[in-house]
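Analysis of the macromolecular model
Take a look at the letters that make up each chain.
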Amino acid sequence: MRLKHTLAACVAAALAALLVPLAATPAAAATPTTSDTVTATDWTFEGHMDIGWRIRPYSLDPINITLKDTASDGYAIGARLITNGDNGRIVWRMRTIPSGQATASWTTYASPGGYISSAYFEVCKIKVSTGVISYCQSSSVMSAPFDDSSV
C-alpha cells in the first residue's frame, strides 16, 4: 500500500514539474515585434503600428494599428502597410477613420505568399469631399528583429 502512495506522489511531482513550465511558455514565446509612430508635421494626425514578425517571415502577425485624428478639418486619416519581398512591393488596404472620429484601432495580419524582407507603413490625410489623398508620411523601414539566415 505504501508503494502505491509513493508511486502516486512521484507521478504527481513529475507532472507538476512538466506542467508549470508549459504554463509559462506563451509569455516567453511572444512574437518578436517592431514598432514605429508617425506624427504629421502640423500635428493634425498620428499613426502607430506594432508589427509581429514570424520566423522566416512569410507573414506578419499580429499587426496592431492605432490612428488618431486631432483636427476637425474635413480630412479623414488612413494608414496602410507596405511590404517588400519575394512578391515585390505590396501596398495593403488602407484603414481609415472618418473625419471627426478621434481614434481607431485594428488588429490584422499580412501574408503575401512569399518571404517578407521589410515593411513600413504610411499614414495619410484624405480629403473627405473627394476621397483624394492629400499627402502621406512614412514610417521607418522595418525588418525582422532577429537573424533567421541559418534556418
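Residues numbered from 1 in each chain as written. Predicted model: local features only at pLDDT ≥ 70, side-chain atom pairs only at ≥ 80, totals over all residues. Heavy atoms only, no water.

For the rest of this paragraph, the subject is unusual backbone geometry. Following aspartate 61, the chain continues into proline 62 via a peptide bond in cis, with omega recorded as 0 degrees. Position of proline 62 among the secondary structure elements: in strand S3 (residues 60-69). Residues other than glycine seldom take positive phi values, yet tryptophan 43 does so here, at roughly 60 degrees. One non-glycine residue, arginine 56, lies in the positive phi region at around 50 degrees. Examined against the element boundaries, arginine 56 turns out to sit in the loop between strand S2 (45-53) and S3. (Helix = DSSP H or I, 4+ residues; strand = E, 2+ residues; numbered from the N terminus.)

Okay, the state of the cysteines next. A full pass over the atoms with the stated rule returns one disulfide. Cysteine 124 shares a disulfide with cysteine 136; S-S distance 2.0 Å. The chirality of the disulfide connecting cysteine 124 with cysteine 136 is right-handed, given an S-S dihedral of about 105 degrees. Note that cysteine 124 is positioned in strand S8 (residues 116-127) and cysteine 136 in strand S9 (residues 133-138), a separation of 12 residues in sequence. (Disulfide = S-S within 2.5 Å.)

This paragraph deals with the pattern of salt bridges. With the rule as written, the count across this model stands at four salt bridges. For arginine 54, the salt bridge identified is with aspartate 61, shortest N-O distance 3.7 Å. The partly exposed category is assigned to arginine 54, whose relative accessible area is 34%. Since its relative accessible area comes to 29%, aspartate 61 is described here as partly exposed. In this structure, lysine 125 and aspartate 73 form a salt bridge, with 3.0 Å as the shortest nitrogen-oxygen distance. Of this pair, lysine 125 sits in strand S8 while aspartate 73 sits in the loop between S3 and strand S4 (75-85), and the two are 52 residues apart along the sequence. Through salt bridges with shared partners, a single ionic network connects Asp42, Asp73 and Lys125. (Salt bridge = Lys/Arg side-chain N within 4 Å of Asp/Glu carboxyl O. Buried < 20%, exposed > 50% of the residue type's maximum accessible area, 1.4 Å probe, protein only.)

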